[in-house]
Amino acid sequence: MKYLGMDFKNYDEMRAWSKAGHIEEYKNLAKLFDKNPTQELSVIMSDRALVLVEAFGLTWEQIEDLETV
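Everything in this summary refers to the structure shown in the same document. (Residues numbered from 1 in each chain as written. Predicted model: local features only at pLDDT ≥ 70, side-chain atom pairs only at ≥ 80, totals over all residues. Heavy atoms only, no water.)

1. A short note on the overall build of the protein
Part 1: Counting its secondary structure elements, the protein contains three helices and two strands.
Part 2: Along the protein, from the amino end to the carboxyl end, the secondary structure elements read β-β-α-α-α.
Part 3: By its C-alpha atoms, the protein is 40 × 25 × 20 Å across when sized along the principal axes.
Part 4: By the burial criterion, 22% of the 69 residues in the protein qualify as buried. (Helix = DSSP H or I, 4+ residues; strand = E, 2+ residues; numbered from the N terminus. Buried < 20%, exposed > 50% of the residue type's maximum accessible area, 1.4 Å probe, protein only.)

Set out below in structure tokens:
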């Protein structure tokens, strides 16, 4: 299976890769927000958090933990 130029053995492997990318993006947004808290970053983080909860099954507690790492 090929997705975005990367080869994956199966759907689960692709989903794990996508989940890791979303988590890394959220952590980077949290770092930016820590340095310069803006309403725009807050909205983006909220949208990304919903993706992590609804699409990847993270809990809100896990989302909060991502913000403190």
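2. Regarding a negative patch on the surface
Part 1: Residues E61, E64, D65 and E67 make up a contiguous surface patch of negative charge.
Part 2: Structurally, D65 can be placed in helix α3 (residues 60-68).
Part 3: Judged by relative accessible area, which is 47%, D65 ranks as partly exposed. (Patch = residues over 30% accessible without salt bridge, like charges linked within 9 Å, V, L, I, M, F, W, Y side chains within 5 Å. Areas by Shrake-Rupley, 256 points an atom, 1.4 Å probe, with all protein chains shown as cover. Salt bridge = Lys/Arg side-chain N within 4 Å of Asp/Glu carboxyl O. Lys, Arg positive; Asp, Glu negative; His and termini not counted. Charge placed at Lys NZ, Arg CZ, Asp CG, Glu CD.)

3. Details of the packing of helix α1 (residues 11-35) against helix α2 (residues 39-54)
When two helices pack together, their arrangement is given by the angle between their axes and by how far apart the axes lie.
Part 1: Contact pair α1 / α2: the axes reach a minimum separation of 10 Å and the direction vectors enclose 155°. When the axis of α1 is compared with that of α2, the two are roughly antiparallel. You can see that α1 and α2 cross each other, and the crossing is left-handed. Contacts between α1 and α2 involve H22, I23, E25, Y26, L29, A30, L32 and F33 from the first element and L41, S42, I44, M45, R48, A49, V51 and L52 from the second.
Part 2: Taken together, the residues that form the contact of α1 with α2 break down as 12 nonpolar, two polar and two charged. (Axes fitted to C-alpha atoms, helices over the stretch in contact; angles between N-to-C directions. Parallel < 35°, antiparallel > 145°, perpendicular 65-115°, else oblique. Left-handed = near helix turned anticlockwise from the far one by under 90°. Contact = heavy atoms within 4.5 Å. Nonpolar A, V, L, I, M, F, W, Y, C, P; charged D, E, K, R; others polar.)

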